[in-house]
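Coordinates in review
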Amino acid sequence: MKRVYVNEKWCLACHLCEYYCTFAGTGEKDMARALKGIRTNPRIKIEEKDDISFAVSCRHCKEPLCVKGCITGALTVSDGVVTINSDKCISCFTCILCCPYGAISYADDKTVLKCELCIRTADRTPACVKGCPNGAIVFEERG
Amino acid sequence: MAVNYIYPEYEVVRNYDRCIVCRVCERQCANGVHEYLPDLNKMTCDDSKCVNCHRCVALCPTRALKIVKSDNTYKENANWSNKTINEIYRQAESGGVLLSSMGNPENYPIYFDKILLNASQVTNPSIDPLREPMETKVFLGAKPKAIKRDAEGKLVDNLTPHLTLSMPVMFSAMSYGSISYNAHESLARAAKELGIFYNTGEGGLHEDFYKYGDHTIVQVASGRFGVHPDYLSSGVAIEIKMGQGAKPGIGGHLPGTKIVGDISKTRMIPEGTDAISPAPHHDIYSIEDLRQLVYSLKEATDYKKPVIVKIAAVHNVAAIASGIARSGADIIAIDGFRGGTGAAPTRIRDNVGIPIELALASVDKRLRDEGIRDNVSLVVGGSIRSSADVVKAVALGADCVYIGTAALIALGCHLCRSCHSGKCNWGIATQVPSLVKRLNPEIGYKRLVNLMNAWKHEIMEMMGGMGINSIEALKGNRLMLRGVGLNEKELEILGIKHAGE
């Protein structure tokens, strides 16, 4: 399955991925209109210290602990993609505690937010991958 | 200083309706132009630090930024321009020589823009390159004077070492040090994929790049930095750099701050020492001396590599080229006064040398008149900006062209002409690790390959239009050129007729 991978060597810590990610989630056409004055809730986040930086998002694990831990069945695996059904999420945050990568966060309404590989967008290419200026985030098949 | 004489030349204009305060501009500016004001949750900027490199403009996700030329002006004066006045203020403050980067930006004639190409109509057929074969391959090196046959009448291979290129364009000399590791890797990989060559410049060859040796021209310049036997034999040709179009008669100076780590190792000089290339080669004071170096290098590489001699286009370039053509060199490279540089004294860059179009035309004519044109191939550089320039240069007599600035622009350079600051925001002319990584060679080499493939298509289209199906048949074919708005003398030097003639 194609997943989002991050090559730390080329990450510039520009944080553009976070903004493209948030924008993709809004469904708006114009980024300025979509993101002006709001608190961004990206599903991908840059971790950085000194000269090292890289983006972190859901790995879509083969045996996802978050799905195992979800008490309402809000998190499921569909075609390998760990997806969230916000209607079922009761904001218990068990998944956030379970995830060994710190890849899950929550939205303003306290429902869980996580990367779904932009499967709900029109062209099905993750926005972070398209938006990375240095090819540090890739969407590819790896063993 | 209490009095600030100079108002910023460019202003950063931010559209606050579109700015989402993502702070990408702030993170990406090595010059510290942008700043976040937490109390106002707003971005602000200091125009005086801006070099107009467009990194922030290009990365702003909402197109909230643009850079405009300031309309702040001194009292209008045709003689004392704002620029001239500012330069005096700057020198009155610093007491130093003004430094500049990249090519001469001043308003001198650009002869390529005053030359038009021919096309076939009615009486001679044009060729459609999409349907018919079209050859852009060129060979560089000395051509044999006569065909030799053995006793049985079979051809004797008396061809001197040659370079074979898929198209008449090479990447010109830019040293590792003046440009980054990633820029060099992009050039090397692109040259390999395209079947052309890149040039190490005077900085030695990084050990990681020996694998691209089949597509590398190694340079020997006056400082001899990084030159050793393995280096000489690692490339396909050796270039002796006598001069550079951006700064004829001037040596080079790479500041010690850039001589770090691998650069110090590659240049074979201690870390932190200035790399000073003398203005002349201290062992070359005549064509005879040059001949000695040419043959030393040939001897060192078993006569397997063609030797290129690169000179800047200066007033008596034709006579100099005539000497070089007799020195044993296989290829002459001429660099015009618009050629780029990582740093040069402004007055030299803007006032020394001559246009490459005139230099090329006069050198080609001189060598033909003297019957020694086949002794050497001619490569010209110094602001070849497009495929049309390539075609015009070939028709004026060049075998091939060098591109430097165009290649850097393909890699992201925005010609902000601040290379000498060492803080290139595009990761090209810098050695700061966090800036160097901004140029991902995986992306960079593809952009170079795209540019060259695009030019190749255009070259074929223009050749086809002229009814020529081989670039060799265009070489020196000045009948394919006409001048517009040129005077008699210019036309005479260029060896072309005026449009309408």
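Rules used throughout
- Residues numbered from 1 in each chain as written.
- Chains lettered and ligands numbered in written order.
- Predicted model: local features only at pLDDT ≥ 70, side-chain atom pairs only at ≥ 80, totals over all residues.
- Pairing = 2+ DSSP bridges.
- Helix = DSSP H or I, 4+ residues; strand = E, 2+ residues; numbered from the N terminus.
- Contact = placed C-beta atoms within 7 Å.
- Nonpolar A, V, L, I, M, F, W, Y, C, P; charged D, E, K, R; others polar.
- Domains from an automatic or database assignment.
- UniProt positions renumbered as here; feature names shortened; annotations may be inferred.
- Buried ≥ 20, exposed ≤ 12 C-beta atoms within 10 Å, placed from the backbone.
- Right-handed = clockwise from strand over helix to strand, strands pointing away.
- Axes fitted to C-alpha atoms, helices over the stretch in contact; angles between N-to-C directions.
- Parallel < 35°, antiparallel > 145°, perpendicular 65-115°, else oblique.
- Left-handed = near helix turned anticlockwise from the far one by under 90°.
- Expected span 1.5 Å × (residues − 1).

This paragraph deals with the sheet that holds strand β16 (residues 331-335) of chain B. As a general point, the strands of a sheet are linked pairwise by backbone hydrogen bonds and lie either parallel or antiparallel. Residues and elements named next belong to chain B. Taken in spatial order, the eight strands make up an open sheet running β9-β19-β18-β16-β15-β12-β11-β10, and their pairing is parallel. Each end of this open sheet is capped by a strand with a single partner; those strands are β9 (169-171) and β10 (198-199). In terms of strand pairing, strand β15 (residues 307-312) meets β16 through five bridges, oriented parallel. Considered in β16, the bridge of Ala 312 is made with Asp 335.

Moving on: the interface of chain B and chain A. At the junction of the two partners, chain B supplies 18 residues and chain A supplies 17 residues. Mapped by element, the contributors of at least two residues to the side of chain B that touches chain A are α1 (24-28), α13 (433-436) and α14 (441-465) of chain B. By residue class, the composition of the side of chain B that touches chain A is eight nonpolar, four polar and six charged.

A word on the domain arrangement of chain B. All names here are of chain B. As assigned here, chain B comprises domain 1 (10-96) and domain 2 (138-498). Taking the mean C-alpha position of each, domain 1 and domain 2 sit 35 Å from one another. On the domain 2 side, the residues contacting the nine residues of domain 1 number seven residues. Looking at the side of domain 1 that touches domain 2 residue by residue, the class counts come to four nonpolar, four polar and one charged.

Residue and element names in this part refer to chain B. Within this structure's numbering, the places UniProt gives as "binding site: [4Fe-4S] cluster 2" (unreviewed entry) are Cys 29, Cys 50, Cys 53 and Cys 56. Despite a sequence span of 28 residues, these residues sit close together in the fold, their greatest C-alpha distance being 10.4 Å. If you trace the backbone, Cys 29 turns up in the loop between α1 and β2 (34-37). We classify Cys 29 as buried; it has 23 C-beta atoms within 10 Å. Those residues within four positions of Cys 29 in sequence are excluded, and the remaining contacts are His 34, Arg 55, Cys 56 and Asn 425. Within the secondary structure, Cys 56 sits in helix α2 (residues 55-59). In this structure, Cys 56 is in contact with Cys 25, Gln 28, Cys 29, His 34 and Leu 65, ignoring residues within four places of it in sequence.

On to the domain arrangement of chain A, then. Residues and elements named next belong to chain A. Along its sequence, chain A is organised into domain 1 (1-57 + 120-136) and domain 2 (60-114). Each of domain 1 and domain 2 has a C-alpha centre, and the two are 19 Å apart. Every contact between the two is made by six residues of domain 1 and, on the other side, 10 residues of domain 2. Residues belonging to the side of domain 1 that touches domain 2 are distributed by class as follows: two nonpolar, two polar and two charged.

With that settled, consider the sheet that holds strand β6 (residues 115-117) of chain B. All names here are of chain B. In space, the three strands of this open sheet follow the order β6-β20-β21, with mixed pairing throughout. With one partner strand each, in any of the chains shown, β6 and β21 (497-498) form the two edges of the open sheet. In the sheet, strand β20 (residues 481-483) pairs with β21 via two bridges, with the strands oriented parallel. What sits directly across from Arg 482, in β21, is Lys 497.

Bringing helix α8 (residues 317-325) of chain B into the picture now. Extensive coverage of α8 of chain B is indicated by the burial of seven of its nine residues. As for α8 of chain B, its buried residues are in contact with α7 (287-300), β15, β16 and α10 (356-369) of chain B.

Residue and element names in this part refer to chain B. The buried fraction of strand β18 (residues 377-381) amounts to five of the five residues, a majority that puts the element mostly inside the structure. Here β18 shows two buried faces, one formed by Ser 377, Val 379 and Gly 381 and the other by Leu 378 and Val 380. Where β18 lies against strand β19 (residues 400-403), two bridges are found, and the strand directions are parallel. When the bridges of β19 are listed, Val 380 appears paired with Val 401. Running through helix α11 (residues 387-396), the crossover from β18 to the neighbouring parallel element β19 is right-handed.

Time to look at the UniProt feature "binding site: [4Fe-4S] cluster 1" (unreviewed entry) in chain B. Residues and elements named next belong to chain B. According to UniProt, the "binding site: [4Fe-4S] cluster 1" (unreviewed entry) feature falls on Cys 19, Cys 22, Cys 25 and Cys 60. Separation in sequence by 42 residues is not matched in space for these annotated residues, since their most distant C-alpha atoms are only 10.4 Å apart. For Cys 25, the location among the structural elements is in helix α1. Classification of Cys 25 by C-beta neighbours within 10 Å gives buried; the count is 25. When near neighbours in sequence (up to four residues on either side) are disregarded, Cys 25 contacts His 34, Met 43, Cys 56, Cys 60 and Leu 65. Position of Cys 60 relative to the elements: it lies in the loop between α2 and β4 (65-69). By C-beta crowding, Cys 60 is classed as buried, having 23 other C-beta atoms within 10 Å.

Another point: the packing of α11 of chain B against α14 of chain B. Residue and element names in this part refer to chain B. In the contact formed by α11 and α14, the axes pass within 9 Å of each other and the chain directions differ by 50°. Between α11 and α14, the angle falls in the class oblique. The element α11 and its partner α14 pack so that their crossing is right-handed. Of the residues in α14, those in contact with Ser 387, Ala 388, Val 390 and Val 391 of α11 are Trp 455, Glu 458, Ile 459 and Met 462. Of the residues belonging to the contact of α11 with α14, the class tally is six nonpolar, one polar and one charged.

Moving on: α10 of chain B. Residue and element names in this part refer to chain B. With 14 residues, α10 extends 19 Å from end C-alpha to end C-alpha; this agrees with the ideal 20 Å at 1.5 Å per step. Most of α10 is tucked away, with 11 of its 14 residues classed as buried. By the burial criterion, the buried members of α10 are Ile 356, Glu 357, Leu 358, Ala 359, Leu 360, Ala 361, Ser 362, Val 363, Asp 364, Lys 365 and Leu 367. Tucked inside the fold, the buried residues of α10 contact α8, β16, β18, α11 and α16 (488-494). Gly 371 lies just past α10 and shows a positive phi near 70°.

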